[in-house]
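# An overview of the molecular structure
Spelled out from the first residue to the last, the chains are:
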Amino acid sequence: MSTTKKRNISVLGPDNFTGIQLKEPATYAAGLPAVKVALQHVFKEMGVVKSMNVLSRMNQKEGFDCPGCAWPDPDKPSKLGEYCENGAKAIAEEATNQRVNKEFFAKYSVEELSNWSDYQIGKSGRLTDPMILKLGSIYYEPISWQESYELIASELHKLNSPDEGVFYTSGRSSNEAAFLYGLFIRAFGTNNMPDCSNMCHESSGVALSETLGIGKGSVKLEDFDKAEVVMVIGQNPGTNHPRMLSALQKCKENGGKVISVNPLEEAGLIRFKNPQEIKGVLASGTALTDIHLQVKINQDVALLKLIIKKLAKLDKEKGNVFDHTFIETYTQGYEELLADTQQYSEEELLVQSGVAENLINETVDLLANNNKIIICWAMGLTQHKNGVDNIKECVNLLLLKGSLGKPGAGTCPVRGHSNVQGDRTVGIMHHVSPALNTAIENTFGFTPPDKEGLDTVHAIEAMYEGRAKIFIALGGNFLSAASDTEYTAQALQNCDLTVAISTKLNRSHLVTGKTALILPTLGRSELDSKNGKPRYFTVENSMGKVHQSKGLLKPASDNLKSEPEIIGKIADAYFKTEHKVDWKNLSEDYELIRDKIQQVIKGFDDINNRSKGSGFYLPNNVRELDFSKLPNQKAQFSICSLSNHSIGEDEFLLMTIRSHDQFNTTIYGLNDRYRGVFNERRIILMNQSDMDKMSLNKLDVVNLISHYDNKERKAENFLILPYNIPSGNLASYFPETNVLIPYNHYADKSNTPISKSVVVKIEKV
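So, on to the packing of helix 23 (residues 434-444) against helix 29 (residues 590-600). Running from N to C, helix 23 and helix 29 cross one another at 130°; their axes reach a closest spacing of 9 Å. Our classification of the angle between helix 23 and helix 29 gives oblique. Considering how the two elements wind past one another, helix 23 and helix 29 form a crossing that is right-handed. Along the contact surface, helix 23 presents Leu 436, Ala 439, Ile 440, Thr 443 and Phe 444, while helix 29 presents Lys 596, Gln 599 and Val 600. Looking at side-chain class alone, the contact of helix 23 with helix 29 contains five nonpolar, two polar and one charged residues.

Structure representation (structure tokens):
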């Protein structure tokens, strides 16, 4: 038995306050303030000359893809700059001049670093050298690349089964890296490939696959120019996908209407001041939302059912509200859907949704008279127990209106990380695809495993219980991204080895297995070359277009490796000469990887040529109205149940949100400018009437407590802020409140954590 002393690690970091300042919530997004803030961030991290060079190449055809969100680039990118405020912040984080080197790790122990805030940890800088945290040590030490490859290979060989290994993938990885990673994992013998999709849009993938035959959206960027109505549901594009505001602006300028559906009224959907236009700088900009439906948290199905019920009544009275030709030709289950709506009274649905009826009637009139409709959504729909049904109800509405397979209409799940969709397309999945396995076997000569692997929540459970012993992460900050922070931390600490392939320091490098490796990799903006020849990789945007990305900056360290090279060298060390795949050659030759991708994955024909310039769209059956893979070769209407939350008198429904100075788990700063919150993250947004009922005052200090499965979870020290949010609902930032989310409560079918609907109590400190 080991007598090694357990590390004294702070899993959650500090819970102190940082000096809150409050202003009125903003009434518009972007404009000159966004330009000012963006430049402040990039100049501080990179300096003026480097900043302007980098920004001029981001999202340009011969440049590199933004490491932030997956919103698509237009075919003709703006020469003034094709980036947003948060994209500028993202590249400032990646291209920073700050460094986390050997001297840094010699100075600071993991115990000390774990007591830093996520913001302070992230601002430390770029990782420069491979490092090892040895068994029993609290200091990372340098290790050579070859030693790290051999250590990983040795530990993998010690496993009793390949299924004791867990291989996580972040959405920032390229198609080439993800394909090679998935190939190695399958050659190793497992499908344990949890990825960040499991925590965000897995509900979208399941719902869209079951109803329309593809787990992706169907619209293209140019469809926003032609849309008559765009519904933005459970999404805050002003902070999370700011370039989407330009698409909404074009929709409005062409006569379209925008309906926002969200418990919070967000500045980005009120008004947009495009900083590249005179009216966005000197005038009032463009009003975006025509109708705001302030739905209660996770009552979207009730709201959509009520809208459909009212539309059905109009269709019966007047006709021509629903597209009956489309319904009869392309769909199945219409009569059953109409019968289901009759089970509910309008009054019941109205009360449950929490939305004013006059606004719902305005929405119904708008939808009744238009059929070029786009529905966009994000985590506000997916991260609930009924997340799959939330998306299916959106599909029901689009099918009724015939709003698919035509210009200006369709589904638009807005992906968070820049290549999360591409990773899944090229094979990162815990599910078994017989077609993919056959293609891999025909191309590479080995038989992939046919046993379903572990998704994120079940991988955490397996590590916690000791059934999985090695965790390797291709990017990401797994601990801070996952639910049930303390449980997840213990799961990671139970592992014999954890490996992080990363660009920057994060909390997952501090809460580790008994032995841990940090393997530093190149960022999107950095020049990736081999033998003096520049290389490029490819990504897939949120709308299914594949294009190249080519960095230009001198790498942060001469000791960085690309992700494909790291993966290939690990595989080479594990298999040595005993495998049919030439891992070493693949790791160095991206064109060869792409040749293999086109042999294995449908739609990637001639990728080495077609990915250049604007790139190419992957096949999408919905755009062609081809539902041949579905039952009876029809798109499927769905019968969706209303959400059911058992909430006591003294309980609330909490949704986790991002601040404006945040992308996923990366904290750029301490301000949430659009919501009027500055220099503080430990806050709870609460309805004033609920505060009065609880005898709470502005800036009172409270704890949040959740009870699931007879276990109490607590998030301590938060400041109460009165805010325009429905009564009974709360909002607070993640990852600070992830500790409240039970790992084993998740969406039906997709297993996505219930991060947007957690039942909590408030305890005054």
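Here the narrative resumes.
Quick look at unusual backbone geometry now. Here the amide bond leading from Phe 734 into Pro 735 is cis, since omega sits at 10°, within 30 degrees of zero. Assignment of secondary structure puts Pro 735 in the loop between strand 32 (729-733) and strand 33 (758-764). Even without being glycine, Asn 679 reaches a positive phi, approximately 60°. Inspection of the secondary structure assignment puts Asn 679 in the loop between strand 28 (677-678) and strand 29 (683-686). Overall, Asn 679 belongs to the partly exposed group, its relative accessible area being 25%.

A few words on a nonpolar patch on the surface. Where nonpolar side chains cluster on the molecular surface, the patch consists of Leu 32, Val 35, Ile 278, Val 281 and Leu 282 and spans about 490 Å² of accessible area. Mapped by element, the contributors of at least two residues to the nonpolar patch are helix 1 (31-46) and helix 14 (278-281). Note that Leu 32 resides in helix 1.

Okay, the side chain of Glu 202 next. Assignment of secondary structure puts Glu 202 in helix 9 (residues 202-212). The class of Glu 202 is buried, set by a relative accessible area of 5%. A polar contact is formed between the side chain of Glu 202 and the side chain of Asn 198, at a distance of 2.8 Å. A polar contact of 3.0 Å, which involves the side chain of Glu 202, links it to the side chain of Arg 424. Among all residues touching Glu 202, those that are not within four sequence positions of it are Ser 197, Arg 424, His 431, Ser 750 and Thr 752.

In space, the six strands of this open sheet follow the order 6-5-18-17-16-7, with mixed pairing throughout. A single partner strand is all that each edge strand has here, and the edge strands are strand 6 (140-142) and strand 7 (165-169). Looking at each pair of strands side by side, their axes are set apart by 15° on average, direction ignored. Note: strand 7 against strand 16 (residues 470-474), five bridges, orientation parallel.

Turning next to the packing of aromatic side chains. Under the definition given, this model contains 28 aromatic pairs. Their ring planes at 50° and their centres at 6.1 Å tell us that Tyr 334 and Phe 637 sit as a pair that is tilted. Placement of the pair is Tyr 334 in helix 17 (residues 334-341) and Phe 637 in the loop between strand 24 (635-636) and strand 25 (651-657), with a sequence separation of 303 residues. Residue Phe 637 is classed as buried on the basis of its relative accessible area, which comes to 9%. In this arrangement the basic side chain of Lys 273 is found over the ring face of Tyr 28, its NZ or CZ atom lying 4.1 Å from the centre.

What follows concerns the sheet that holds strand 11 (residues 286-287). Strand order across the open sheet formed by three strands is 2-10-11, with mixed pairing between neighbours. Every other strand in the sheet has two partners, leaving strand 2 (29-30) and strand 11 as the edge strands with one partner each. As paired strands, strand 2 and strand 10 (residues 271-273) are joined by two bridges and run parallel to one another. Within strand 10, the residue paired with Ala 29 across the bridge is Phe 272.

About the cut-offs
The residue numbers shown here count from 1 along each chain, following its written sequence. In view of the model being predicted, local features appear only for residues whose pLDDT reaches at least 70, and side-chain atom pairs are presented and counted only at 80 or more, with totals across whole chains, interfaces and linings using the full set of residues. Heavy atoms throughout the structure, all of them, feed into the side-chain values; hydrogens and water do not. Note on geometry: axes are C-alpha line fits, over the in-contact stretch for helices, and angles between N-to-C directions span 0 to 180 degrees. Numbering of helices and strands runs from the N terminus, with a helix taken as a DSSP run of H or I at least four residues long and a strand as a DSSP run of E at least two residues long. Geometric relationships in this document are graded by angle, where less than 35 degrees denotes roughly parallel, more than 145 denotes roughly antiparallel, 65 to 115 denotes roughly perpendicular, and other angles denote oblique. Handedness of a helix crossing follows the sense of rotation of the near helix relative to the far helix, less than a right angle counterclockwise being left-handed and clockwise being right-handed. By definition, residues are in contact when any of their heavy atoms lie within 4.5 Å. Note that Gly is not counted as nonpolar here; it falls among the polar residues with everything else outside the nonpolar set of Ala, Val, Leu, Ile, Met, Phe, Trp, Tyr, Cys and Pro and the charged set of Asp, Glu, Lys and Arg. Summary of the burial criterion: residues with accessible area below 20% of their type's maximum are buried, those above 50% are exposed, and those between are partly exposed, where the area comes from a 1.4 Å probe applied to protein chains only. To count toward a patch, a residue needs a relative accessible area above 30% and no salt bridge. Like charges then connect within 9 Å, nonpolar side chains (Val, Leu, Ile, Met, Phe, Trp, Tyr) within 5 Å. Per-residue and other accessible areas were derived by the Shrake-Rupley procedure at a 1.4 Å probe size, with only the shown protein chains allowed to occlude residues. What makes a salt bridge here is a side-chain nitrogen of Lys or Arg within 4 Å of a carboxyl oxygen of Asp or Glu, nothing more. Here a polar contact is taken to be a pair of N or O atoms separated by no more than 3.5 Å, where protein atoms must pair a possible hydrogen donor with a possible acceptor and residues adjacent in sequence count only if both atoms sit in side chains. Only strands joined by at least two bridges in the DSSP assignment are considered to pair. What counts as a ring pair is set by centres within 6.5 Å for rings of Phe, Tyr and Trp (its six-membered ring), and what kind of pair is set by the plane angle: stacked under 30 degrees, edge-to-face over 60, tilted for all other angles. By definition, being over a ring means that NZ of Lys or CZ of Arg is both within 6 Å of the ring centre and within 35 degrees of the ring normal.

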